Amino acid sequence: VGYVVCGLFLSENDALLRLVMNSVRTDLLSRNEAFQCLALEFTANVGGAEFAQLLAADVLSVVAHGDTRPLVRKKAAFCLLRLVRKSSDESIFVSDDWGQRIATFLEDNDIGVLLGLTSLLIGIVSKNYRGYEPCVPKLVEILERLRERDVPQHYMYYGIPTPWLQVKILRALQYFPAPEDPAVLKSLKAAIREILSGNDPVKNPNKNNAVHAIVFEAAATAVSIDDEELMVLVVGLMIRFLAVRDANLRYLALENLGRLSQPRQIARAIAKHRTTIIACLTDPDSAIARGALNLLFTTANKETGPDIVDELLSLIERTD
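The rules behind each value
Residues numbered from 1 in each chain as written. Predicted model: local features only at pLDDT ≥ 70, side-chain atom pairs only at ≥ 80, totals over all residues. Heavy atoms only, no water. Helix = DSSP H or I, 4+ residues; strand = E, 2+ residues; numbered from the N terminus. Polar contact = N/O pair within 3.5 Å; in protein donor to acceptor, adjacent residues only side chain to side chain. Contact = heavy atoms within 4.5 Å. Salt bridge = Lys/Arg side-chain N within 4 Å of Asp/Glu carboxyl O. Buried < 20%, exposed > 50% of the residue type's maximum accessible area, 1.4 Å probe, protein only. Core = buried A, V, L, I, M, F, W, Y, C linked by side-chain atoms within 4.5 Å. Phe/Tyr/Trp six-rings, centres within 6.5 Å; stacked < 30°, edge-to-face > 60°. Disulfide = S-S within 2.5 Å.

Undergrad: Lay out the side chain of Thr-43 with the relevant residues and their values.
TA: With respect to the helices and strands, Thr-43 occurs in helix H3 (residues 33-46). Here Ala-39 takes part through its backbone oxygen, which lies 2.7 Å from a polar atom of the side chain of Thr-43. Not counting residues up to four positions away in its chain, the partners in contact with Thr-43 are Val-24, Phe-51, Leu-55, Cys-79 and Leu-83.

Below, the structure written as C-alpha cells:
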C-alpha cells in the first residue's frame with residue numbers, strides 16, 4: 001500500500017522522495033522477492049536522476065545475485081535501463097567494472113534475463129561503449145546459440161528462436177567497432193551471412209515480419225563492421241527487396257542502401273542496379289520515391305550520371 005500511495009502522489013522531482021529512499025534501498029537489498037519487485041518497479045516508474053546516482057549499484061547487485069529468480073533479475077535489468085534513460089550523469093554507468101560485470105551476467109541461460117540485459121546494454125552503449133567491450137564476445141556467443149536453436153520450445157516464434165532477442169543483440173553490436181579477436185569476428189560474420197542467406201518469404205505474415213526484422217538488423221550490423229564481402233551480399237538482398245509489393249520492405253531497403261552507399265566500391269555495386277532504383281521514383285508512396293531519389297544522388301558517377309539526369313528530366317514532366 002505504501003508503494004502504491006508513493007507511486008500515485010510523488011514525482012521524480014518531489015523532495016519527499018528523499019524520505020523514502022532508505023526504505024526503497026532496504027527492500028532492494030532484502031531477500032524477500034516480493035519486496036524487491038515492489039522496490040524495483042517504484043524505482044523504475046518514479047525514481048529520477050537522484051535515484052540513478054544513489055541506487056544504481058544496488059539494483060545491479062540484484063541482477064548479480066545468482067540465487068534470485070530470473071523474473072526478479074529481469075525486472076532489475078529493465079529498472080536499470082530506466083535509470084540510464086533518466087540520468088544525465090553518464091559516469092555512473094561508464095566504468096570497466098560495470099562492463100565486466102554485465103559481460104559476466106550475459107552468461108545467464110534464461111532468455112528473459114538476457115532480453116533485459118541486452119536492452120540495458122543498448123541503453124548504455126548508445127551513449128558511450130567505452131568499458132563495455134568485454135560484452136561483445138558474449139553477445140556473439142548468444143547469437144550463435146540462438147542460431148543453433150538452443151532455446152526452450154516456448155521461446156520459438158513460428159519456428160524462429162526468440163527473434164526479439166536476436167534483433168536486440170544485433171542492434172547492440174552496431175554500437176561497437178568490429179571485434180578485434182579474429183575468432184569472434186569470424187563467428188559474427190558467419191552468423192550474419194547465415195541470416196542474410198536464409199530469408200525466403202513464406203505465406204505467414206507474422207513469421208515474415210520476424211525474419212525481416214532480423215535481416216535488416218543483420219544488414220545494419222554488416223555495415224557497422226565494414227566488411228566488403230558482407231556489404232555486397234547486403235546490396236544484392238536489398239535490391240531484391242525493392243521488387244516486392246510490401247511498401248515497408250521497399251522503404252527499409254532504400255534506407256539501408258543509403259547507409260551502404262558511402263564506400264565508393266559499394267556505391268558502384270549499387271549503381272549497377274540503377275534501373276530498379278529509378279523504377280521506385282514513380283512509386284505512389286512519396287517516402288519511397290524520395291528515398292530512391294536520395295540514393296540515386298549519392299551513387300551517381302560520370303558513367304551513370306547522364307542516364308539518371310535523362311530519367312529525372314522525363315519524370316519532371318509527369319509528376320507533381
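Here the narrative resumes, following the displayed structure.
Undergrad: Which residues make up the pattern of salt bridges, and what values do they have?
TA: Applying the stated criterion across every chain yields a total of 13 salt bridges. As a salt-bridge pair, Arg-73 and Asp-108 come within 2.2 Å of each other at their nearest N and O atoms. Taken together, the residues Arg-73 in helix H5 (residues 70-86) and Asp-108 in the loop between helix H6 (96-105) and helix H7 (111-125) connect sequence positions 35 residues apart. With a shortest N-O distance of 2.8 Å, Lys-189 and Asp-227 are connected by a salt bridge. Within this pair, whereas Lys-189 is found in helix H10 (residues 182-197), its partner Asp-227 is found in the loop between helix H11 (205-225) and helix H12 (228-241), the two being separated by 38 residues in sequence. What makes Asp-227 buried here is its relative accessible area of 11%.

Undergrad: Give me the lowdown on the nonpolar core, citing residues and values where you can.
TA: Core analysis: the largest hydrophobic core is formed by 107 residues, its most contacted members being Leu-80, Phe-93 and Tyr-132. The contact partners of Leu-80, leaving out residues within four places of it in the chain, are Ala-56, Val-59, Leu-60, Val-63, Phe-93, Trp-98 and Leu-120.

Undergrad: Any chance you could break down the packing of aromatic side chains for me, citing the residues and the numbers?
TA: Inspection of the entire model under this criterion finds 7 aromatic pairs. Taking 4.7 Å as the distance between ring centres and 85° as the angle between the ring planes, the aromatic pair formed by Tyr-157 and Tyr-158 counts as edge-to-face. Note on Tyr-158: relative accessible area 39%, which makes it partly exposed. Residues Phe-216 and Phe-241 carry aromatic rings whose centres are separated by 5.4 Å and whose planes lie at 35° to one another, so their mutual orientation is tilted. Of this pair, Phe-216 sits in helix H11 while Phe-241 sits in helix H12, and the two are 25 residues apart along the sequence. An aromatic cluster is present here, built from Tyr-3, Phe-42 and Phe-51 joined pairwise through their rings.

Undergrad: How would you sum up the environment of Ala-269? Please name residues and give values.
TA: Tracing the backbone through its elements, the reader meets Ala-269 in helix H14 (residues 264-271). By relative accessible area, which is 19% here, Ala-269 ends up buried. On a C-alpha basis, the gap between Ala-269 and Leu-60 in space is 47 Å, while along the polypeptide they are 209 residues apart.

Undergrad: Break down the state of the cysteines for me, citing the residues and quoting the values.
TA: If you walk through the whole model with that rule in mind, you get 0 disulfides. With no disulfide of its own, Cys-6 has Cys-79 as its nearest cysteine by sulfur position, at a separation of 16 Å.

Spatial relationships are all this shows, so hold off on functional conclusions.
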